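Analysis of the macromolecular model
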Number of protein chains: 2
Amino acid sequence: MKTYRLSIGNVERDLPYIDVSTNSGIPFVELLGDVELTNAVADELMKLIPQGTDLLFTVATSGVPLGHALSERLGIPYRVARKRRRTYMRDPLIQEVASMTLGVSETLWLDRRHAEFIAGKRVAIVTDVVVSGATMLSLARLVERAGGTVNGYYAGFVQGQPSIDIKAVQQLPVTPQSTL
Amino acid sequence: MKTYRLSIGNVERDLPYIDVSTNSGIPFVELLGDVELTNAVADELMKLIPQGTDLLFTVATSGVPLGHALSERLGIPYRVARKRRRTYMRDPLIQEVASMTLGVSETLWLDRRHAEFIAGKRVAIVTDVVVSGATMLSLARLVERAGGTVNGYYAGFVQGQPSIDIKAVQQLPVTPQSTL
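Cut-off values and rules
- Residues numbered from 1 in each chain as written.
- Chains lettered and ligands numbered in written order.
- Predicted model: local features only at pLDDT ≥ 70, side-chain atom pairs only at ≥ 80, totals over all residues.
- Heavy atoms only, no water.
- Helix = DSSP H or I, 4+ residues; strand = E, 2+ residues; numbered from the N terminus.
- Rg over C-alpha atoms; globule rule 2.2 N^0.38 Å.
- Buried < 20%, exposed > 50% of the residue type's maximum accessible area, 1.4 Å probe, protein only.
- Areas by Shrake-Rupley, 256 points an atom, 1.4 Å probe, with all protein chains shown as cover.
- Lys, Arg positive; Asp, Glu negative; His and termini not counted.
- Charge placed at Lys NZ, Arg CZ, Asp CG, Glu CD.
- Least-squares fit on C-alpha atoms with pLDDT ≥ 70 in both.
- Contact = heavy atoms within 4.5 Å.
- Buried area = accessible area lost by both parts, 1.4 Å probe.
- Salt bridge = Lys/Arg side-chain N within 4 Å of Asp/Glu carboxyl O.
- Polar contact = N/O pair within 3.5 Å; in protein donor to acceptor, adjacent residues only side chain to side chain.
- Phe/Tyr/Trp six-rings, centres within 6.5 Å; stacked < 30°, edge-to-face > 60°.
- Lys NZ or Arg CZ within 6 Å of the ring centre and 35° of its normal.
- pLDDT = per-residue confidence, 0-100.
- Axes fitted to C-alpha atoms, helices over the stretch in contact; angles between N-to-C directions.
- Parallel < 35°, antiparallel > 145°, perpendicular 65-115°, else oblique.
- Nonpolar A, V, L, I, M, F, W, Y, C, P; charged D, E, K, R; others polar.
- Core = buried A, V, L, I, M, F, W, Y, C linked by side-chain atoms within 4.5 Å.
- Expected span 1.5 Å × (residues − 1).

**Some words on the overall build of chain A**
For chain A, the helix and strand inventory stands at 4 helices and 11 strands. The C-alpha radius of gyration of chain A comes to 16 Å, within 12% of the 16 Å expected for a compact globule of 180 residues. The dimensions of chain A, computed from C-alpha atoms along their principal axes, are 50 × 35 × 30 Å. For chain A, the residues scored as buried account for 54% of the 180 residues in total. Summed over its atoms, the accessible surface of chain A is roughly 7,900 Å², and 49% of this surface lies on carbon and sulfur atoms. Between the mean site of the 19 positive side-chain charges and the mean site of the 18 negative ones, chain A shows a separation of 6 Å.

Next up, the structure:
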């Protein structure tokens, strides 16, 4: 099986390819369960987040380790939008994701307590991997609806050509299936 | 609204109560988005995990920050069971959770790559909050099915009387609704 050699700081990983369509594949990068890689990405990504940012906002589950590691490094809090309603949520904000790549519609949930925390803050939208940018745009919409201001989009990795301007640590290739 | 004062190391939080049944409430503790509290819990919980543990195993999403922080402190890896099938999973292990408290059945998913990583390892089952212990038992079953050995159960917080022996940083009260 062909793999993609990823290097971030001193950390190297050989990533397997996964299918994104019938004729292309992308290297599959997973921060969940990988402290070393998460911290290496956070060390680089923190340099891209502007001073004056009050809060990091990411999405469950894959964005959580990076949110935690960035929050620790920058000394600012992070909050997490959920993909399922949790029983403890009271009066949550609900936001659809207009996803092209997933082929299924997703919904983001933000508990009212967290929405109130976002109000008035300058918020950096953060995720581990961006493909279309649709999830990031939905996170941004949640920030605006909660009364916060979006202070840019930041990702560990970008694959393909997202529709928005994203500052990322690395661009990963989309590779024709025939060459894998 | 009545709250519960939580103290872990130097960190204090006033937790809201949430309903767990028509006649009792529990303090709602959330590590997600709270680096300070996550790290304080990890600092205490790491002392309870025995030497010779090869791997930490937790569950998405709420267990992720604690898994990350413990992995960092102990210098051993962590892995995460998912609550939804992800498109990239190949031949996953699937495990039902026999949950009493949630009132809905849940399913845990573990990608084959991670199951293979668990094989032959001594694995500490870790979660943030335990109520019935049903999720922990399902995590343990996944470990055994993957060919690993369960090396105990560890949690930030225990609420109520779980059916298994769990080492936890703190016991949280279950409070009669009438007193809230």
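Let us keep going from here.
**Considering the relation of the copies chain A and chain B**
Each copy of the chain is related to the other by a rotation around an axis and a translation along that axis. Mapping chain A onto chain B calls for a screw motion: a turn of 180° about the axis and a shift of 0.0 Å along it, with 0.0 Å RMSD after fitting. Taken together, the rotation and translation describe the operation of a two-fold axis.

**Digging into the interface of chain A and chain B**
Contacts between chain A and chain B engage 29 residues on the former and 29 residues on the latter. Across the interface of chain A and chain B, roughly 2,500 Å² is buried in total on both sides, 55% from carbon and sulfur atoms. When residues of chain A are sorted by the area they lose upon contact with chain B, Val35, His68 and Arg84 of chain A head the list and together hold 21% of the total. For the pair chain A and chain B, the interface holds 4 salt bridges. Notably, a salt bridge pairs Arg113 of chain A with Glu30 of chain B, separated by 3.0 Å at the nearest N-O pair. Counting the contacts that link chain A with chain B gives 15 residue pairs in polar contact (both at pLDDT 80 or more). Put simply, the parts of the chain that give the side of chain A that touches chain B at least two residues each are helix H1 (35-45), helix H2 (64-74), strand S5 (78-81) and helix H3 (112-118) of chain A.

**Here's the deal with the pattern of salt bridges**
Summed over the entire model, instances satisfying the criterion amount to 28 salt bridges over all chains. Between Asp43 of chain A and Arg73 of chain A there is a salt bridge whose closest N-O contact spans 2.6 Å. Within this pair, whereas Asp43 of chain A is found in helix H1, its partner Arg73 of chain A is found in helix H2, the two being separated by 30 residues in sequence. Linking Arg5 of chain B and Glu12 of chain B is a salt bridge whose minimum nitrogen-to-oxygen distance equals 2.7 Å. Overlapping salt bridges bring together Arg5, Glu12 and Asp14 of chain A as one network.

**Re the packing of aromatic side chains**
Evaluation of the coordinates by the stated rule reveals 2 aromatic pairs over all chains. The ring of Phe117 of chain A carries Arg79 of chain A above its face, with NZ or CZ at 4.0 Å from the centroid. Here the guanidinium or amino end of Lys121 of chain B rests over the ring plane of Phe117 of chain B, the centre of that ring lying 3.9 Å away.

**Focus: the confidence of the model for chain A**
Keep in mind that low pLDDT regions are not for reading the predicted coordinates in detail. Counting all residues, the mean pLDDT for chain A is 92, and 93% of those residues have values of 70 or more. What the predictor reports for the complex is a pTM of 0.94 with an ipTM of 0.93.

**Regarding the packing of H1 of chain A against helix H2 (residues 64-74) of chain B**
When two helices pack together, you describe them by how their axes are tilted relative to each other and by the distance separating the axes. The contact between H1 of chain A and H2 of chain B brings their axes to 10 Å, and the two run at 100°. By the angle between their axes, H1 of chain A is roughly perpendicular relative to H2 of chain B. Contacts between H1 of chain A and H2 of chain B involve Val35, Thr38 and Asn39 of chain A on the former and, on the latter, His68, Ser71 and Glu72 of chain B. Broken down by class, the residue content of the contact of H1 of chain A with H2 of chain B amounts to 1 nonpolar, 4 polar and 1 charged.

**As for the nonpolar core**
Of all hydrophobic cores here, the largest spans 58 residues; its most connected members are Leu6 and Val126 of chain A together with Val126 of chain B. Here Leu6 of chain A is in contact with Val11, Glu12, Arg13, Leu15, Val29, Leu37, Phe157, Gln170 and Leu172 of chain A, once residues within four sequence places are set aside.

**As for helix H4 (residues 134-145) of chain B**
Residue and element names in this part refer to chain B. A rise of 1.5 Å per residue sets the reference length of H4, with its 12 residues, at 16 Å; its end C-alpha atoms lie 17 Å apart and thus fit the reference within 8%. Residues of H4 that are buried: Ala134, Met136, Ser138, Leu139, Ala140, Leu142 and Val143. Backbone geometry just downstream of H4 places Gly147 in the positive-phi region, at approximately 95°.

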